[in-house]
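So the chains spell out like this:
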Amino acid sequence: MIIVTSGHVDHGKTALLQALTGTNTAHLPEEKKRGMTIDLGYAYLPLTNLEKTDRTLGFIDVPGHEKFLVNMLAGLGGIDYAMLIVAADEGIQAQTEEHLTILRLLQLAQIIIVITKADRATSSQIDQLSQQLKANYPILAKSPLFITSAKTAQGIEALRQYLAQLPNRADQNRPFRYAIDRVFSVKGAGTVVTGTAFAGQVKINDELYLSNGQTVRVKNIHSQNQQAQQGMAGERLALNIHTDLDRTLIERGDWLFSQAPQTATARISVQITAEMSLNESQSVHLYHACARSTGKLNLLQNRELYPTQQGLAEIILEKPLFLAYGDKLILRSADAKQVIAGAKVLEINSPKRYKRTAERLALLQQLQQAETCAKRTALYLQHKAIPAQTLMWVEQLCEKQLLDILQENQQIRFQDWCFNHDYQQQQYAKLHAALAQYHEQHNDQLGISKARLYRIATLNQPEKLIYYFIDELLNQGKLQQTRGWLHLPEHKISFSVQEQQLWQTVLAQFEQNNGQALWVRDLAAVLAQEETVMRNFLYKAGKLGYLTPIVKDRFFLTETIYAYSRLVKQFIAQHGAISVNQLRDELKFGRKLVVQLMEYFDRCGFLRRKGHLHVLRDGDVFDL
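Residues numbered from 1 in each chain as written. Predicted model: local features only at pLDDT ≥ 70, side-chain atom pairs only at ≥ 80, totals over all residues. Heavy atoms only, no water.

(A) Spotlight on the sheet that holds strand 25 (residues 412-414). An order of 24-26-25 is seen for the three strands of this open sheet, with the pairing classed as antiparallel. Only two strands of the sheet have a single neighbouring strand rather than two, namely strand 24 (386-387) and strand 25. Judged from the two bridges that link them, strand 24 and strand 26 (residues 417-419) form a sheet pairing that is antiparallel. In the sheet register, Pro 387 faces strand 26, and the bridge partner there is Trp 417. Packing of helix 14 (residues 463-475) onto the sheet brings it into contact with strand 25 and strand 26, and relative to strand 26 it is tilted by some 60 degrees. (Pairing = 2+ DSSP bridges. Helix = DSSP H or I, 4+ residues; strand = E, 2+ residues; numbered from the N terminus. Contact = heavy atoms within 4.5 Å. Axes fitted to C-alpha atoms, helices over the stretch in contact; angles between N-to-C directions.)

(B) How the structure looks around the side chain of Glu 395. Here Glu 395 lies in helix 10 (residues 388-395). Those residues in contact with Glu 395 that sit more than four places away from it in its chain are Arg 174, Tyr 325, Cys 373, Arg 376 and Tyr 380.

(C) How the structure looks around unusual backbone geometry. Unlike most non-glycine residues, Lys 117 shows phi in positive territory, near 55 degrees. You can see Lys 117 is positioned in the loop between strand 5 (110-116) and helix 6 (123-136). One non-glycine residue, Ala 336, lies in the positive phi region at around 60 degrees. Along the chain, Ala 336 falls in the loop between strand 22 (328-332) and strand 23 (339-348).

(D) Here's a closer look at the pairing of strand 7 (residues 177-186). Bridge analysis of strand 7 against strand 8 (residues 190-199) gives nine bridges, and the strand direction is antiparallel. Each residue of the ladder has a partner; that of Ala 179, found in strand 8, is Thr 196. Turn length for the strand 7-strand 8 hairpin, with the two strands adjacent in sequence and antiparallel, is three residues, and the turn residue Gly 188 shows positive phi of about 90 degrees. Pairing between strand 7 and strand 15 (residues 255-257): three bridges, direction antiparallel. Paired with Arg 177 across the two strands is Phe 257, which belongs to strand 15.

(E) Fine view of helix 9 (residues 373-380). Counting buried positions along helix 9 yields six of eight residues, so the element is predominantly enclosed. Residues of helix 9 that are buried: Cys 373, Ala 374, Arg 376, Thr 377, Leu 379 and Tyr 380. On the buried face of helix 9, the contacting elements are helix 8 (358-369), strand 24, helix 10 and helix 11 (399-409). (Buried < 20%, exposed > 50% of the residue type's maximum accessible area, 1.4 Å probe, protein only.)

(F) Highlighting the pattern of salt bridges. Inspection of every chain in the model, using the stated rule, returns 21 salt bridges. In this structure, the salt-bridge partner of Asp 171 is Arg 174, at a minimum N-O distance of 3.2 Å. Since its relative accessible area comes to 30%, Asp 171 is described here as partly exposed. When its relative accessible area of 24% is taken as the criterion, Arg 174 is described as partly exposed. Notably, a salt bridge pairs Asp 416 with Arg 413, separated by 3.9 Å at the nearest N-O pair. Looking at Asp 416, the relative accessible area reads 28%, which means it is partly exposed. For Arg 413, a relative accessible area of 34% gives the class partly exposed. Each of the salt bridges in this network shares a partner with another, and the network as a whole consists of Arg 267, Glu 314 and Lys 355. (Salt bridge = Lys/Arg side-chain N within 4 Å of Asp/Glu carboxyl O.)

(G) Focus on the sheet that holds strand 23. Read around the barrel, six strands follow the order 16-21-19-18-22-23 and close on themselves; strand pairing throughout is antiparallel. Sheet twist, expressed as the average angle between the axes of neighbouring strands with direction ignored, equals 40 degrees. In terms of strand pairing, strand 16 (residues 265-274) meets strand 23 through seven bridges, oriented antiparallel. Across the sheet, Gln 271 pairs through a bridge with Lys 344, a residue of strand 23.

Encoded structure:
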């Protein structure tokens with residue numbers, strides 16, 4: 001477990017940690033030269049002799065000087081406890097207040113007040129400082145307070161005992177998520193990264209993903225500065241990793257994950273708490289764990305927020321970050337000199353349009369109030385299907401945790417898509433309505449292909465999922481499929497006795513033409529029929545599936561179309577695609593007729609044009 005120490009420069013943070021742990025956290029030559037902490041310093045306190053446990057506390061000594069505040073912000077990701085260090089002889093200073101602001105905005109579980117250098121102040125001075133801290137800063141009103149001196153060891157043991165009993169609040173059952181703050185090489189070992197584990201567990205030989213998607217293998221682990229077989233959430237870890245990347249391509253602010261990362265997000269919705277007055281569309285610096293970005297802050301409910309006010313906002317980032325629901329952020333001003341707000345991530349990959357509608361704001365407010373992953377998942381799936389990998393990323397869940405939530409919510413997963421029953425019924429209704437409308441508008445057609453029904457009814461929905469819904473409707477008898485064409489069960493037609501006789505003569509004409517298409521006018525002339533009568537009859541034959549019009553008034557026998565479709569599928573299976581000229585060579589037809597046939601295959605959803613070639617779109621259309 002990690003505890004952060006913060007406070008004004010030269011208030012004794014490093015000396016306090018040395019008294020608690022025996023470690024001097026000033027590790028950089030420049031720090032030792034200046035006598036102040038510039039980068040993050042770390043110290044560790046084994047608890048074996050204190051609480052009969054093998055747990056080790058880790059401490060981050062963050063910089064107190066304003067110039068190094070960026071490094072301080074990098075130390076606060078994934079931390080639940082903090083010690084606010086205030087020197088007894090100097091009292092509250094500028095960076096004391098700025099650090100306290102950051103700790104408050106990060107909503108830590110507990111802030112512990114530690115008054116240092118007690119040997120340099122009188123009892124009355126210390127009492128006055130204690131009362132001032134409790135009275136002037138409401139967040140500290142119920143905080144435990146310790147009076148210490150690194151020089152005389154006053155209060156050190158009591159503080160050590162108190163810290164030893166703090167519970168580790170980090171979630172070890174979530175996917176592993178680790179923020180990198182340092183990268184270096186060790187002779188004989190290779191690349192080593194250090195950082196804090198936000199969640200989950202990692203073991204030697206585990207395969208992890210870098211932010212860029214590159215996989216690495218964990219060769220060795222130091223947990224809380226000790227050799228270990230595994231690392232846990234809430235711990236400071238050094239990981240010796242095997243990677244094909246040069247270490248210079250890994251940098252502070254990168255991450256390691258146990259699940260493949262989603263694309264970094266550049267547009268987020270947040271719950272924001274203002275520290276200073278905030279205006280619409282102002283530039284900000286944003287800090288998340290060890291990463292930082294600049295961006296634009298857009299308030300969603302008000303044109304302005306005043307100090308201590310909360311509201312909903314959108315942040316558009318110039319550098320995308322790897323964020324998840326509930327992540328805590330710190331915002332600083334455009335010149336990066338003042339902390340202006342804290343924020344909690346409510347939504348990643350927020351929509352670009354209609355962001356201030358009543359429906360959108362209601363959703364964000366519901367997400368803000370939802371206390372469990374199950375409740376938020378129900379909100380995510382209200383009106384749409386979402387990939388399982390996206391849900392697992394947003395909520396940082398493993399497969400089993402997501403499955404349990406879907407079962408609890410009575411939601412459904414098909415392959416990678418998650419959805420609820422309302423969404424499913426909505427798509428059923430759209431498919432049925434589109435098919436009914438198609439029958440009304442195209443009474444010369446037996447039905448429609450699966451691919452075309454998808455395009456006219458549910459184009460913006462996941463294609464594989466809609467195909468699954470179509471199969472379900474077929475299984476339920478709510479749709480039917482005849483010779484590959486989808487139609488409603490009630491869409492049925494038949495020939496009369498006289499029409500059966502006429503059909504035999506028409507069929508004979510098609511058989512004499514050896515697979516060629518025939519025009520309405522030609523058949524009418526040969527069979528001595530009125531052209532209008534012949535046209536109506538041929539289109540009725542088309543409804544029954546005997547004939548297929550590839551263009552207006554030009555028909556093939558449907559069985560011939562099926563034969564040509566099998567030829568096309570075989571050709572594409574061998575060559576990957578087919579052109580008009582290649583099909584002309586196979587059929588020995590004139591180019592005009594082949595173009596009409598190919599365009600019909602494109603329209604019905606069997607093929608899809610790709611340049612001058614045509615590729616298979618839906619191979620089920622002409623399956624018998």
